[in-house]
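# Structure assessment
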Amino acid sequence: MNIDRIFTGPRVTLEDVLENKSARAERQQAMLASGCASLVSVSMNIPGDIKQFPMAHEAFCEGLNALRAAFAGHILAEETFFLPTGDEALLALDLAGENVKRQTVALEEGLPLGRLFDMDVLDRNASAFSRTALGLPPRRCLLCGENAKICGRSRAHSLAELRSRIANILNDHFRERAASHFVSCASRAMLREVSA
């Protein structure tokens, strides 16, 4: 697999990322001002200077649809942003933040692409709920399974290793999904032929 063919998109600088982080905090504050009980801020965990590329966008849309399904009937407002620094969405909910955080952690751990998502949950005061404060295990590193924050801070793994792992996760998921789709289409075609 040629990783350079997967990671094709605009390059961003650290300054771009920091500016967007500040803008995201402002967007979060504005949505929290609407009076929601909690806010989910979702983005992708894509290291390096290319954060927006076709497979990441498709993965983001799939994860966002999973969030919409998980909180159906409880979404008060939604904003989506497709930015060079990566796709993001904000979902204002009428649910208590502790329960929302537990559900987002279950999605991050249970969805095939869930490990690539960062689903922060904020309360009305813009304070984030942490996994450990709720007695949940910390996010695991994609490569070694240890605490992801520790690996990230210590730079335990190279960018090339992380990109390779992310590319494999994306490639495997979308290849399996395409294969299932083709099998389903072939089955329907055979049933229609038999019934004709």
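Structure: above.
Here is a short report on the structure shown in this document. It should be emphasised that the depicted structure is a prediction, and the values quoted were computed from it without experimental measurement. (Residues numbered from 1 in each chain as written. Predicted model: local features only at pLDDT ≥ 70, side-chain atom pairs only at ≥ 80, totals over all residues. Heavy atoms only, no water.)

## Observations regarding helix 3 (residues 54-70)
Cut-off, in case you're wondering: Only DSSP runs of H or I covering at least 4 residues are called helices, and only runs of E covering at least 2 are called strands; the numbering of each starts at the N terminus. What a helix should span is 1.5 Å times the count of its residues minus one. Each residue is assigned to one of three classes by its accessible area relative to the maximum for its type, calculated with a 1.4 Å probe on protein chains only: buried under 20%, partly exposed between the two thresholds, exposed over 50%.
The terminal C-alpha atoms of helix 3 lie 25 Å apart, and with 17 residues this matches the ideal 24 Å at 1.5 Å per residue to within 8%. Turning to helix 3, its buried residues number three or more, namely Met-55, Ala-56, Ala-59, Phe-60, Gly-63, Leu-64, Ala-66 and Leu-67.

## Regarding the environment of Pro-137
Structurally, Pro-137 can be placed in the loop between strand 4 (117-122) and helix 5 (148-154). Residue Pro-137 is classed as exposed on the basis of its relative accessible area of 54%. Pro-137 sits ten residues away from Asn-147 along the chain, and the two C-alpha atoms are 8.9 Å apart.

## Brief notes about the sheet that holds strand 4
Condition: DSSP calls a pair of strands paired once it identifies at least 2 bridges connecting them. Here an axis means a line fitted to C-alpha atoms, over the contact stretch when the element is a helix, while the angle between two N-to-C directions is reported on a 0 to 180 degree scale. Contacts: residue pairs with any heavy atoms within 4.5 Å of one another.
Strands sit in the order 2-3-1-4 across an open sheet of four strands; the sheet is antiparallel. Both edges of this open sheet fall to strand 2 (75-83) and strand 4, since each of them pairs with a single strand only. Along the sheet, successive strands turn relative to each other by an average axial angle of 15°, direction set aside. Bridge count for strand 1 (residues 38-44) against strand 3 (residues 86-93) is six bridges, and the pairing is antiparallel. Within strand 3, the position partnered with Val-42 by the bridge is Ala-89. Packed onto the sheet, helix 2 (residues 14-32) meets strand 1, strand 2, strand 3 and strand 4 and runs at close to 20° relative to strand 3. Of the strands in this sheet, strand 1, strand 3 and strand 4 are in contact with helix 4 (residues 97-110), which crosses strand 4 at around 175°.

Distances and angles like these do not, on their own, reveal function.
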